[in-house]
Amino acid sequence: MKYVLGFILLFSLHAAVAVEPDEMLKDPALEARARSISQNLRCLVCQGEDIDDSRAPLAHDLRVLVRERLMKGDRDDQVLQFVRERYGDYVLMTPPVEWRTLALWSAPPLMLIAGLALAFATAFKKRRRR
Amino acid sequence: MMRRLFYFLPLIVFAGLAAFLAAPLLTGKDPRVLSSVLVGREAPGLDVQGFELPRHEKGMKLVNFFASWCVPCAAEQPILSRMQKDGVAVYGVAYKDKPEAVKNFLARYGNPYHAVGFDDGGRGAINWGVYGVPETFLIKDGRILKRHAGPLTEKDYLQEFKPLLEGGAK
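Since the model is a prediction, treat every value here as computed from it, not as a measurement.

Some words on the packing of helix α3 (residues 57-71) of chain A against helix α4 (residues 76-87) of chain A
Residues and elements named next belong to chain A. Put simply, α3 and α4 touch, their axes get as near as 9 Å, and they point 140 degrees apart. The orientation of α3 with respect to α4, classified from their angle, is oblique. Where α3 crosses over α4, the handedness of that crossing is right-handed. The segment α3 lies against α4, with L58, L62, L65, V66, R69 and L70 engaging D76, V79, F82, V83 and Y87.

Shown next as structure tokens:
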């Protein structure tokens, strides 16, 4: 059991490797917001990492930018919008939830439902024949 | 007959999916190269030192983000020089660079730029959606027409830029 727990723990730890002490804001609430926003921003240099994890110079610049906008009083969604306006939707780690991304977001649950329906239909068909 | 078709359904779905996924691979396009979201919009301000991009003038301009410490930037200088000789107004933005280093770079590889601005903090680049150097923007009448990420090759110039340059006002 402890191995299972340990395994699960491995995947739940998020160590932000790249955020430097001199980047961090003094206000812990603002800094916490900065970190949560950053985890939704993709580093466009190392495109699988968010800007908190990436050591790329661009990631550093974006981390600083996020904190600057927060200090200026932007809301979380305004900060994300600021970056998105310049880099496009791909800079967001989670695709935006809008009408045009309806197909993207609904496809997995729909496929699950379709698969389950098919499975049940097949199972019941077999039973009836006997 | 319909029953047989039903059994082939997974194979058909797979074939369709395989074709859909293979198509981008076959075009040879690098998926890490991003398209600019600024295309079609007015060129943002360039808050950089020593340089004011004459955005509101009519005509075609090229804005090239480069750096002396960037190797592909050196590689594309001959193409930029050629474009400049062909009459294109090329403006350079030195990204996170030092004036001395830029001077040496231009002396060594040639200077195709009408003017060079210095984006010390990289903020100008962020406003333009730049995620690496070099990047080159084609501006027409103050609006961004095209963004090329990565070094320009002769092929890029002849196939992508020249048609646009000749089609636009000069």
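Read on for the rest.
Quick notes on the packing of helix α2 (residues 28-38) of chain A against α4(A)
Two quantities define a packed helix pair, namely the angle between the axes and the distance from one axis to the other. Residue and element names in this part refer to chain A. The interhelical angle for the contact between α2 and α4, taken along N-to-C directions, is 45 degrees, at an axis separation of 10 Å. On the basis of their axis angle, the class for α2 and α4 is oblique. Handedness of the α2/α4 crossing: right-handed. Here R33, S36 and I37 of α2 come into contact with α4, specifically with D76, V79 and L80. Of the residues belonging to the contact of α2 with α4, the class tally is three nonpolar, one polar and two charged.

Overview of the interface of chain A and chain B
With 18 residues of chain A at the contact, the number on the chain B side is 16 residues. On the chain A side of the interface with chain B, the three residues burying the most area are D61(A), R86(A) and Y87(A), jointly 41% of the side's total. On the surface where chain A and chain B come into contact, there are two salt bridges. The partner of R123(B) in a salt bridge is E68(A), with the nearest N and O atoms 2.8 Å apart. One can count five residue pairs in polar contact (both at pLDDT 80 or more) joining chain A with chain B. Broken down by secondary-structure element, the contributors of at least two residues to the side of chain A that touches chain B are α3 and α4 of chain A. In terms of residue count, α3(A) provides more of the side of chain A that touches chain B than any other element does, seven residues in total.

Some words on the pairing of strand β5 (residues 143-149) of chain B
Residue and element names in this part refer to chain B. Counting buried positions along β5 yields five of seven residues, so the element is predominantly enclosed. Summarising the sheet, strand β4 (residues 135-140) and β5 pair through six bridges and their orientation is antiparallel. Within β5, the position partnered with T136 by the bridge is H148. In textbook terms, the turn of a hairpin is the stretch between consecutive antiparallel strands, and for β4 and β5 this stretch comprises two residues, one of which, D141, has a positive phi near 50 degrees.

Brief notes about the confidence of the model for chain B
Averaged over all residues, the pLDDT of chain B equals 87, while 96% of them reach at least 70. We note a pTM of 0.81 for the whole complex and an ipTM of 0.80 for its interfaces.

Brief notes about the sheet that holds strand β2 (residues 89-95) of chain B
All names here are of chain B. Judged by pairing direction, the sheet is mixed, and its five strands sit side by side in the order β3-β2-β1-β4-β5 without closing on themselves. Of all strands in the sheet, those bounded by a partner on one side alone are β3 (115-119) and β5. The average undirected angle you get between the axes of adjacent strands in this sheet is 20 degrees. Contacting β1 (60-66), β2 and β3, helix α3 (residues 99-109) runs over the sheet at an angle of about 145 degrees to β3.

Regarding the packing of aromatic side chains
For any pair of aromatic rings, the description rests on two quantities: the centre-to-centre distance and the angle between the ring planes. Considering all chains together, one arrives at nine aromatic pairs over all chains under this definition. Ring geometry for W69(B) versus Y95(B): centroids 6.4 Å apart, planes at 55 degrees, classification tilted. Of the two residues, W69(B) is situated in the loop between β1 and α2 (71-85) and Y95(B) in strand β2; the sequence distance between them amounts to 26 residues. Put simply, the rings of F66(B), F105(B), Y109(B) and Y113(B) pair up and form one aromatic cluster. The cationic tip of R42(A) hangs over the ring face of Y90(A); the distance from NZ or CZ to the ring centre is 4.2 Å.

Rules of the game
Residues numbered from 1 in each chain as written. Chains lettered and ligands numbered in written order. Predicted model: local features only at pLDDT ≥ 70, side-chain atom pairs only at ≥ 80, totals over all residues. Heavy atoms only, no water. Axes fitted to C-alpha atoms, helices over the stretch in contact; angles between N-to-C directions. Helix = DSSP H or I, 4+ residues; strand = E, 2+ residues; numbered from the N terminus. Parallel < 35°, antiparallel > 145°, perpendicular 65-115°, else oblique. Left-handed = near helix turned anticlockwise from the far one by under 90°. Contact = heavy atoms within 4.5 Å. Nonpolar A, V, L, I, M, F, W, Y, C, P; charged D, E, K, R; others polar. Buried area = accessible area lost by both parts, 1.4 Å probe. Salt bridge = Lys/Arg side-chain N within 4 Å of Asp/Glu carboxyl O. Polar contact = N/O pair within 3.5 Å; in protein donor to acceptor, adjacent residues only side chain to side chain. Buried < 20%, exposed > 50% of the residue type's maximum accessible area, 1.4 Å probe, protein only. Pairing = 2+ DSSP bridges. pLDDT = per-residue confidence, 0-100. Phe/Tyr/Trp six-rings, centres within 6.5 Å; stacked < 30°, edge-to-face > 60°. Lys NZ or Arg CZ within 6 Å of the ring centre and 35° of its normal.

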